[in-house]
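As a plain string of letters, each chain reads:
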Protein chains: 4
Amino acid sequence: MPASPTESYACSSLRLRYQEIRRTSLELTQSYTAEEQMLQSMPDASPAKWHLAHTTWFFETFILSEHLPGFRPFDRRYKHLFNSYYKRLGSHPYRGARGLMARPTLHEVQAYRSSVDQEMERYLDTQEPKVDLIELGLNHEQQHQELILTDLKHALWSMPLRPESALTRRELKEPAQMKWIEVDGGIYSVGHSGDDFAFDNEEPRHEVLLAPFQIASRQVSNREFLEFMDDGGYKRPELWLSDGWDAVCAQGWSSPLYWEQSDGEWKEFAYSGMRQIDPQAPVCHVSYYEADAFARWSGARLPREQEWEIAARRGSPKTCGAFLEERREDPQPIGGAIEQWMGNVWEWTASPYIAYPGFVPSAGPTGEYNGKFMCNQFVLRGGSCATPHSHIRPSYRNFFAPAARWQFSGIRLAK
Amino acid sequence: MPASPTESYACSSLRLRYQEIRRTSLELTQSYTAEEQMLQSMPDASPAKWHLAHTTWFFETFILSEHLPGFRPFDRRYKHLFNSYYKRLGSHPYRGARGLMARPTLHEVQAYRSSVDQEMERYLDTQEPKVDLIELGLNHEQQHQELILTDLKHALWSMPLRPESALTRRELKEPAQMKWIEVDGGIYSVGHSGDDFAFDNEEPRHEVLLAPFQIASRQVSNREFLEFMDDGGYKRPELWLSDGWDAVCAQGWSSPLYWEQSDGEWKEFAYSGMRQIDPQAPVCHVSYYEADAFARWSGARLPREQEWEIAARRGSPKTCGAFLEERREDPQPIGGAIEQWMGNVWEWTASPYIAYPGFVPSAGPTGEYNGKFMCNQFVLRGGSCATPHSHIRPSYRNFFAPAARWQFSGIRLAK
Amino acid sequence: MPASPTESYACSSLRLRYQEIRRTSLELTQSYTAEEQMLQSMPDASPAKWHLAHTTWFFETFILSEHLPGFRPFDRRYKHLFNSYYKRLGSHPYRGARGLMARPTLHEVQAYRSSVDQEMERYLDTQEPKVDLIELGLNHEQQHQELILTDLKHALWSMPLRPESALTRRELKEPAQMKWIEVDGGIYSVGHSGDDFAFDNEEPRHEVLLAPFQIASRQVSNREFLEFMDDGGYKRPELWLSDGWDAVCAQGWSSPLYWEQSDGEWKEFAYSGMRQIDPQAPVCHVSYYEADAFARWSGARLPREQEWEIAARRGSPKTCGAFLEERREDPQPIGGAIEQWMGNVWEWTASPYIAYPGFVPSAGPTGEYNGKFMCNQFVLRGGSCATPHSHIRPSYRNFFAPAARWQFSGIRLAK
Amino acid sequence: MPASPTESYACSSLRLRYQEIRRTSLELTQSYTAEEQMLQSMPDASPAKWHLAHTTWFFETFILSEHLPGFRPFDRRYKHLFNSYYKRLGSHPYRGARGLMARPTLHEVQAYRSSVDQEMERYLDTQEPKVDLIELGLNHEQQHQELILTDLKHALWSMPLRPESALTRRELKEPAQMKWIEVDGGIYSVGHSGDDFAFDNEEPRHEVLLAPFQIASRQVSNREFLEFMDDGGYKRPELWLSDGWDAVCAQGWSSPLYWEQSDGEWKEFAYSGMRQIDPQAPVCHVSYYEADAFARWSGARLPREQEWEIAARRGSPKTCGAFLEERREDPQPIGGAIEQWMGNVWEWTASPYIAYPGFVPSAGPTGEYNGKFMCNQFVLRGGSCATPHSHIRPSYRNFFAPAARWQFSGIRLAK
């Protein structure tokens, strides 16, 4: 019995999305050498080559090995080798040793990708492919696209011989004004609902009671963050959480990550070298601790994730920041006067990452995807210039440890 | 002009409370030698002598030095020496070096206490003593009374020559049944209100929207926790948060802290030596990770702190566990069939420790008391056998890092 | 004025040696990918690519930059980048970060080598090239050839995906008997003399007074070391130096490095995979601690370096073990009955690495070559299967920290 | 059969020595509180109370338990508790946890000492007491007397509340001139011989061949070391061994241990507080690395231990520095013009601590006393102001790791 026309159309669309997303991962890495794609500059970051392999492993392990009759793995050793943290699948290599994966070579990893892609094409031709798992695999790969970019940025910056292209001086835009948006208190629904894809941690949709609040119309700019720095922000313990102050002292933080001062001017590292800070662009590469301290210094606070979601869903004219599709190296300056939501930088919220009431992790090994990390992390919202536009939505919950700075993470204020 | 009769009465009552609480701290330590009171067995724990001095420093620094005319400090060096973490007062010694405070001697610390107590008596005679600060100081000292007990327990257990008194075999009680209490959903108020003392982190009282839930009538017992252990609880990663599993592996956890197996029987360390586990007593000295894993294993979850507070405040017949006043060495077995709330063991909740909506830290240095720790910790509720009964209340929020096990911390389930 | 015929001949010979040694370094690495040549598996080891660059840097820095008129460096940043530890030349990158040198690429490093080689050809044509510095550079490069092999071996073994070629079973030879060689006591001269090249640490030649001693005619075999293991050698603290026993416990040593037991059989890792131990081959990849413990267990001791040198220079028929020129992957089995000296494995001596009486380091930055390491290391003698035959001599003093195991290091006994 | 008159006299003399040495240990600690005697300020140092107990354990374990009929131990748990590192006696507590020995109390340790002393008296009355073992125990205790002083000094200095007695200004003496003593080359005998007590590591006496050398007539003074500091000694890597320079950078050394600069003046910590440096006193509390760097800076070198011993034994008029018997807190200024040998500060030699040719450790557990530490340490000679005069001799070999600074260790030059 043939698939129904609708199914057929859905599958055809899914096939196109599969091809496009898989191709994008390769495009993001193609200008880097095999040596650069092997760099692991800290245990939290992974080599680009590893990301290319691990995302492929995801399709192979959870779909092809389970659901494609007659499937034979490309290399039986990869099941263990490219497992990130799925304990139910058995052991996996120590995370900090990913930089030692000279084998397989980049060339072999690319062949592995091609092989799995061919088998996935074959699987998409079967009668009832597991659409949900494929969607999960594609969203998983999109997440790793962002990590490819953030991890590469950290690696390039960590190399004893950093890229140092001559960068032309930027033209700086006129500042856009920040406004306070008023939102009424009341009972609101938050979380994902509907048939389109979402991660398990965005569900179930549920009601929350919010007090009235104000939230900023845009992200905090470099100019504003420089004022905090100039006012001794990194030297005043009373502005910081206790753990944050310990991090400032232990790590010697005195600016966002990737910033350096030379000749009296602040510069930041992007993929091809150091360049001038654009005061108008959103501040980026700050930890939760810095976001929190900045908010305290400015007499405001960070929004809770529910406040953020309600405000972002409101029906007023909005614009977006940059997304991955635009291939901008960093967040873009904020112009105009209307609200800006989504894109440019992830925004730290004041909400620790915990389960929504009634949360149930997915069944099977993919249940290890989100739930087991609900501890010691904070929620970020909105996506960044390294996030695919097709990947993000208002209910999306990203999460990182409060000291993490290598993501494209910034600040929005609330009161 | 004399104080009004009411004020006079309040002050007289406060004076009695002051005397009683200060005396209790000494009583808790009096059976330990100067050497034992100097032990610091890990950076998180402090010597008993340090607690005796630091609580005294609190009255001296925030009350006498500020508000008592003509006050002269006992020793000018103590201002720095016994500062725990108040950055606004200047520097303080490294926390991990408290075990090196051979000077001042215990005898000198006791003299310091007497001297400050005399000055406090004098201060209580003044016209308008700062009652709020005195209350804060007394509650602060009560918190340290619990820490004196938990830190001493850890120290005694850590000594190469542990106490090993011959302990008589316990009589074990009949088990009490655990029941599920049903609580309706709706809008509830939580947090502290009223004129009696509360910490700033219990306020402001505010409304929350809760879904209907069930909560256990008593704490989880050792017998129940042994079932988890016997079912491979410490060996199954799928039951654990990722950080929790890392802790299990890195620390080699296979039981609660202070448990040891010998001759096929589990024993636990109390102040005077190892003794038989009482299956009927609440399980104690477990981390948040263990509480969370146990809950997952049993098909339930930990309660949120708001659920806990609402349930504990309900108007049904209740009994309490042990408190400090009873001088029991550990949580007591649970008998009878009615609900048990408060006392015995602190109960880990599923709620990260964050600010209530509208939270404002106290002004001045005491503002560092609670707010700056609102990160990377979880809320515990209810008090323990080492908590003064007069210190605890349903709105009380205790907090510790999720890996902490040396407090009297246990588990209550919810669904 | 043209160079004299002799000089010309010497230069021509030197030119040939230069070409041959430089070519050998490339040959040793040519079967490894750019990714494999970037591996740094521990801070003590360096990537093969780094060795290729650093040996080139040596010629560029100490010869071309100083002595070739009109020389322009290939890349001005390399002066800092490929400095290993010469403080007098300014700063250098942190040693443990050599694995982050994705840039320059292997291709660029090879171009750097070619460029410097061309300039060195030009320099060799000048009137009075500094022959001593060139010799030093060549000997330096030969030392790094050995390190290329030992560091690569450790890297390949450390990869999560190790090489695992199917290895054919070896044919095992008949054992050769070990004999004790008697050497008379008396005053002997040790150290280098003469015009041929030697490192500064081999000089000055000086007299020593030795008591009569016995020394083994060959290196200890795997078979003999297995007897030590079977006799509980790794479990008996009384056989070990205190620091050695600490290393056994902390590192969990229970065999030489690279050994693994499977199916009741000991195997060892070589470059292309695990393979059967040859009981007749010299034991290899043992630390000083293991060598010392083995000697104590066997009722003997390790020779002092002076004893070794006197015995090796004696005029009796001798054979050699394997050297780099033979391109054997590991030490070769010992056959026959005559003495074996030099080659196969470096031999730990009982002598800490210190200055000979009257030692004077070379002038200038090359004075940092040897002298500043005369502390906390032990002398090894004789060269190994990874040492060029043209590089070794009886007065040669190699040195490593007593816990090092990744060199081709073995044992000879004395009494 | 009664003991012969000679034996009887020897025993009576030994009894007196026993009493005197045991009493001295108590005297050294008597002015410190139980809390101070429990301090362990770093893993290398031990609490004074532990030294008092461990020296007692030595007599109990190696003499009374083995050789006194009917002996019953004071507390059976002490056998394990106060074992320092004798693996052949079974396990022992982790060295870094000695500061957690609140139990037994100081009072109990003193009772332990009395009890063992009484039993030793009884043992001395037996027919043929093991004189050699008693001598070993007494020399062991004398070594620990020095450690009591050096460990207490480090502990007092490490306390957050250091002693800070008002110290009177010293009168500074006139400088004594340093002379170079010429010693001929030739064959010399070194090491201990004769019937009086010596440690096994001082034997066997053996011949060495020495080249002619010059050695300084006295120890390097603070004034001379200040010149080294003023000349950038701590900032010039070319003066240092590689490991030494790493220590300078990692530990931030810029002066000897215990020195601090205030108001432009260098002061040093002694037991009761900071006080002015005496330029004329020998420099003290320097590591081997600092001694070696100073020697290189001054165009000289450190003496080898054989050179030191030969020079110290020469028959010329000599004077000594301070010893323990004088109860001086630190090395004394050097006056006069004749040679000074022995006392004041231990002198680092250029000799790694290794076995003399023919060395055989003592049989039994006491064989772990010296031999197993013959690795990674350097020999010091001559004794210090904390060494009993009756304990030291020219053949005495003390040894410490090259980074150690908390001993009374100084410098003598050679050429």
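Residues numbered from 1 in each chain as written. Chains lettered and ligands numbered in written order. Predicted model: local features only at pLDDT ≥ 70, side-chain atom pairs only at ≥ 80, totals over all residues. Heavy atoms only, no water.

### Observations regarding the environment of B:Gly186
Residue and element names in this part refer to chain B. To be explicit about the condition: A helix here means a DSSP run of H or I that spans at least four residues, while a strand means a run of E at least two residues long, and both kinds are numbered starting from the N terminus. Whether two residues touch is decided by their heavy atoms; if any such pair falls within 4.5 Å, the residues are in contact.
Note that glycine 186 resides in strand β2 (residues 186–190). Sequence-wise, glycine 186 and proline 352 are 166 residues apart; in three dimensions their C-alpha atoms are separated by 22 Å. Residues contacting glycine 186, with those up to four places away along its chain left out, are Val208, Leu209 and Leu210.

### Examining the pairing of strand β7 (residues 273–276) of chain C
Residues and elements named next belong to chain C. As a reminder of what qualifies: Here, any two strands with at least 2 DSSP bridges between them count as paired.
Pairing geometry for strand β6 (residues 265–270) and β7, over four bridges, is antiparallel. Bridging across to β7, alanine 270 finds its partner in glycine 273. In sequence, β6 turns back onto β7 through a hairpin of two residues.

### Brief notes about the packing of helix α2 (residues 48–67) of chain A against helix α5 (residues 131–158) of chain A
All names here are of chain A. Note the cut-off: Lines fitted to C-alpha atoms define the axes here, with helix axes fitted over just the stretch in contact, and angles between the N-to-C directions of these axes take values from 0 to 180 degrees. Working rule for angles: under 35 degrees goes down as roughly parallel, over 145 as roughly antiparallel, 65 to 115 as roughly perpendicular, anything else as oblique.
Running from N to C, α2 and α5 cross one another at 170 degrees; their axes reach a closest spacing of 9 Å. By the angle between their directions, the pair α2 and α5 is classed as roughly antiparallel. Every residue of α5 that contacts α2 at Ala48, Trp50, His51, Leu52, His54, Thr55, Phe58, Phe59, Phe62, Ile63 and His67 is listed here: Leu133, Ile134, Leu136, Gly137, Leu138, His140, Glu141, His144, Leu147, Ile148, Asp151 and Leu152.

### With respect to the interface of chain C and chain A
Keep this limit in mind: What counts as buried area is the accessible surface, traced by a 1.4 Å probe, that two parts surrender upon association, with contributions from both included. Counted as salt bridges are all cases of a side-chain nitrogen of Lys or Arg within 4 Å of a carboxyl oxygen of Asp or Glu. By the criterion applied in these results, polar contacts are pairs of N or O atoms within 3.5 Å in which, for protein atoms, one can donate a hydrogen and the other can accept it, and in which residues neighboring in sequence qualify only through two side-chain atoms.
At the interface, 31 residues of chain C touch 31 residues of chain A. Surface buried jointly by chain C and chain A totals about 2,500 Å² across both partners, of which 67% is contributed by carbon and sulfur atoms. Counting across the interface, chain C meets chain A through eight salt bridges. Between A:Glu35 and C:Lys49 there is a salt bridge; the shortest N-O distance is 2.8 Å. Remark: the boundary between chain C and chain A carries eight residue pairs in polar contact (both at pLDDT 80 or more).

### Brief notes about the relation of the copies chain A and chain B
One copy of the chain maps onto the second through a rotation around an axis plus a translation along that axis. The cut-off we apply is this: What sets the superposition is a least-squares fit of C-alpha atoms, and only residues with pLDDT of at least 70 in both copies go into it.
Note on the identical chains: chain A maps onto chain B by a rotation of 180 degrees and an axial translation of 0.0 Å, with an RMSD of 0.0 Å. Look at the turn and shift together and you get a two-fold axis relating the two. Of all interface residues in chain A, 100% are interface residues in chain B too; the two copies therefore contact each other through one and the same surface.

### Comments concerning the environment of D:Phe225
Residue and element names in this part refer to chain D. Here is the rule: When a residue's accessible area, from a 1.4 Å probe over protein chains only, is under 20% of the maximum for its type it is buried; when over 50% it is exposed; and in between it is partly exposed.
Along the chain, phenylalanine 225 turns up in helix α6 (residues 222–230). Residue phenylalanine 225 is classed as buried on the basis of its relative accessible area, which comes to 0%. Phenylalanine 225 sits 30 residues away from serine 255 along the chain, and the two C-alpha atoms are 9.1 Å apart. The residues contacting phenylalanine 225, other than those within four sequence positions of it, are Val220, Tyr234, Pro256, Val283, Val286, Glu290, Phe294 and Ile411.

### A few points about the domain arrangement of chain A
Residue and element names in this part refer to chain A. Put simply, the test is: Residue ranges labeled as domains rest on an automatic or database domain assignment.
Taken domain by domain, chain A consists of domain 1 (5–158) and domain 2 (180–410). Computed from C-alpha atoms alone, the centre-to-centre distance between domain 1 and domain 2 is 27 Å. If you look at the interface, domain 1 gives 33 residues, while domain 2 gives 32 residues. Of the roughly 2,900 Å² buried between domain 1 and domain 2 on both sides combined, carbon and sulfur atoms contribute 62%. It is Glu146, Lys153 and Trp157 that lose the most area in domain 1 upon contact with domain 2, and together they represent 25% of the buried surface on that side.

### Structural notes on the arrangement of the chains
As for chain C relative to chain B, no contact occurs, and the smallest C-alpha gap between them is 15 Å. A minimum C-alpha distance of 15 Å separates chain A and chain D, which share no contact.

### Some remarks on the sheet that holds strand β13 (residues 409–410) of chain C
Residue and element names in this part refer to chain C. Pairing is mixed across the open sheet formed by four strands, whose spatial order is β12-β11-β10-β13. On the outer flanks of this sheet lie β12 (398–400) and β13, each paired with one strand and no other. Relative to β12, strand β11 (residues 378–381) runs antiparallel, the two sharing three bridges. Counterpart to phenylalanine 378 in the pairing with β12 is phenylalanine 400. Contacting β10 (346–352) and β11, helix α9 (residues 305–313) crosses the sheet at an angle of about 135 degrees to β10.

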